[in-house]
Amino acid sequence: MSFLEDLENNKNPKKPKQINKVANSVSKNLWEGCYKYFKHFVGIIEKNKDEFPLDFHFTFLNIVRKTKVTGPYDIIRKQTDDEFCFEVKLTTELLQPIKITRKDKRSAELLKHRLEKDGIHSKVTKKSPKIYLVELNPTFQSIFSITLSKELEFHIHYKNIGTSNKRSVLLHESKINEKYMDKLAQYIIGQNPSLYTETISKEDIAKIRGKIEHEKNKQKLIDKKIQEEINHEKDLLEARKANTLKEKSKRYLSNQSEIIKNKSKKFLQAKSYKIKNTILTKINNLKKK
């Protein structure tokens, strides 16, 4: 029994066209197959007024909260000359209120603005002179879409589907079949949260780890080079300081030497003059006798 049949509570509805039957058709027909599948999917959950529990990750706030996916559900088809796109719109509803405390109005308004970038509205209230609360709206819109660009590449886009991050995933044509569409449908209503984590192979994990290790080693080399440059600049600075001190010492000693030389010369001249005068005085005294 298919996933869509399960959703209709075994009412045996007319099954959607098997997407894998057009797997070998042109890209446009593949996209049409995806659209027909999700149009039927949305019709079922909207008709039944279904609700689905979901653990929602508020990435920016670094918290996980219990929510539920609920209606109204809608699917919109868009088309331009070089792009085909359909959007599935759902509503995510908080099961408990989320209030974040801020110490001033400015930081509270900044948080509110940041949340709005993710399509999550909130309101700021003043609790006390120094306490402001940012309270998230209890509901916000979630969007899942598949786009075919220039009939070359398929992309899956997520906005507030299980997480507040916007994501874009390349969809390979080889995966476009009813079985994979079932997985996508289950994922957007929280029934297949490990869709992407479980598909990472050991080889991919090894490549990721290798890349991380390579980046670490690369950063170590960069840090080492920076430290060497810092040490080199430090050595140059010390050398400049030492040379400056040495030059100052040389100039000081030279000046002091000149001063001492001049003082000594003056002292000797004075001493010589005094001795000469003493001798002349003695000679003159002898002559008088």
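Now for a look at the structure at hand. Being a predicted model, the structure only gives us computed values, none of them experimental.

**Some thoughts on the overall build of the protein**
Next, step 1: Helices and strands together make up the secondary structure of the protein, namely 5 helices and 9 strands.
Next, step 2: Secondary structure of the protein in N-to-C order comes out as α-α-β-β-β-β-α-β-β-β-β-β-α-α.
Next, step 3: Counting every position in the protein, which comprises 289 residues, the buried fraction comes to 30%.
Next, step 4: When contacts within the protein are restricted to residue pairs at least 6 apart in sequence, those whose partners lie at least 24 apart make up 58%.
Next, step 5: Per element, the accessible surface of the protein, about 20000 Å² overall, is 53% carbon and sulfur.

**Description of the nonpolar core**
Next, step 1: Within the largest apolar cluster, 49 residues are counted, with the highest numbers of intra-cluster contacts made by Phe-38, Phe-86, Phe-144, Ile-146, Leu-184 and Ile-188.
Next, step 2: Top contributing element to this core by residue count: helix α2 (residues 27-48), with 9 residues.
Next, step 3: For Ile-188, the contacting residues outside a window of four places in its chain are Phe-38, Phe-41, Val-69, Val-88, Leu-90, Phe-144, Tyr-158 and Ile-161.

**A closer look at the pairing of strand β8 (residues 153-159)**
Next, step 1: Examined bridge by bridge, strand β7 (residues 139-149) and β8 share 7 bridges and lie antiparallel to one another. Directly across from Leu-148, in β8, lies its bridge partner Phe-154.
Next, step 2: With 6 bridges joining them, β8 and strand β9 (residues 166-171) adopt antiparallel strand pairing. Its bridge partner being in β9, Ile-156 is matched across the sheet by Val-169.

**Some points on the packing of α2 against helix α4 (residues 178-188)**
Next, step 1: Contact geometry for α2 and α4: axes closest at 11 Å, N-to-C directions at 45°. In terms of orientation, α2 lies oblique with respect to α4. Once α2 is placed against α4, the crossing between them reads as right-handed. Counting all contacts with α2, which are made through Cys-34, Tyr-37, Phe-38 and Phe-41, the residues of α4 involved are Glu-178, Met-181, Asp-182, Leu-184, Ala-185 and Ile-188.
Next, step 2: Looking at the contact of α2 with α4, its residues break down into 8 nonpolar, no polar and 2 charged.

**Side note on the sheet that holds β7**
Next, step 1: Reading across the sheet, the 6 strands line up as β1-β2-β3-β7-β8-β9 and stay open at both edges, with antiparallel pairing between neighbours. The open sheet terminates on both sides in strands that have one partner only, identified here as β1 (52-58) and β9. On average, adjacent strands in this sheet sit at an angle of 30° to one another, irrespective of strand direction.
Next, step 2: Pairing geometry for β1 and strand β2 (residues 63-79), over 7 bridges, is antiparallel. Within β2, the position partnered with Phe-58 by the bridge is Ile-63.
Next, step 3: This element, α4, spans β2, β3 (83-94), β7, β8 and β9 of the sheet and lies at about 20° to β8.

**Observations concerning the sheet that holds strand β4 (residues 99-102)**
Next, step 1: Strand order in the open sheet formed by 3 strands is β4-β6-β5, and the pairing between neighbours is antiparallel. Two strands bound the open sheet, and with one partner strand each, they are β4 and β5 (122-128). Sheet twist, expressed as the average angle between the axes of neighbouring strands with direction ignored, equals 25°.

Thresholds applied
- Residues numbered from 1 in each chain as written.
- Predicted model: local features only at pLDDT ≥ 70, side-chain atom pairs only at ≥ 80, totals over all residues.
- Heavy atoms only, no water.
- Helix = DSSP H or I, 4+ residues; strand = E, 2+ residues; numbered from the N terminus.
- Buried < 20%, exposed > 50% of the residue type's maximum accessible area, 1.4 Å probe, protein only.
- Contact = heavy atoms within 4.5 Å.
- Areas by Shrake-Rupley, 256 points an atom, 1.4 Å probe, with all protein chains shown as cover.
- Core = buried A, V, L, I, M, F, W, Y, C linked by side-chain atoms within 4.5 Å.
- Pairing = 2+ DSSP bridges.
- Axes fitted to C-alpha atoms, helices over the stretch in contact; angles between N-to-C directions.
- Parallel < 35°, antiparallel > 145°, perpendicular 65-115°, else oblique.
- Left-handed = near helix turned anticlockwise from the far one by under 90°.
- Nonpolar A, V, L, I, M, F, W, Y, C, P; charged D, E, K, R; others polar.

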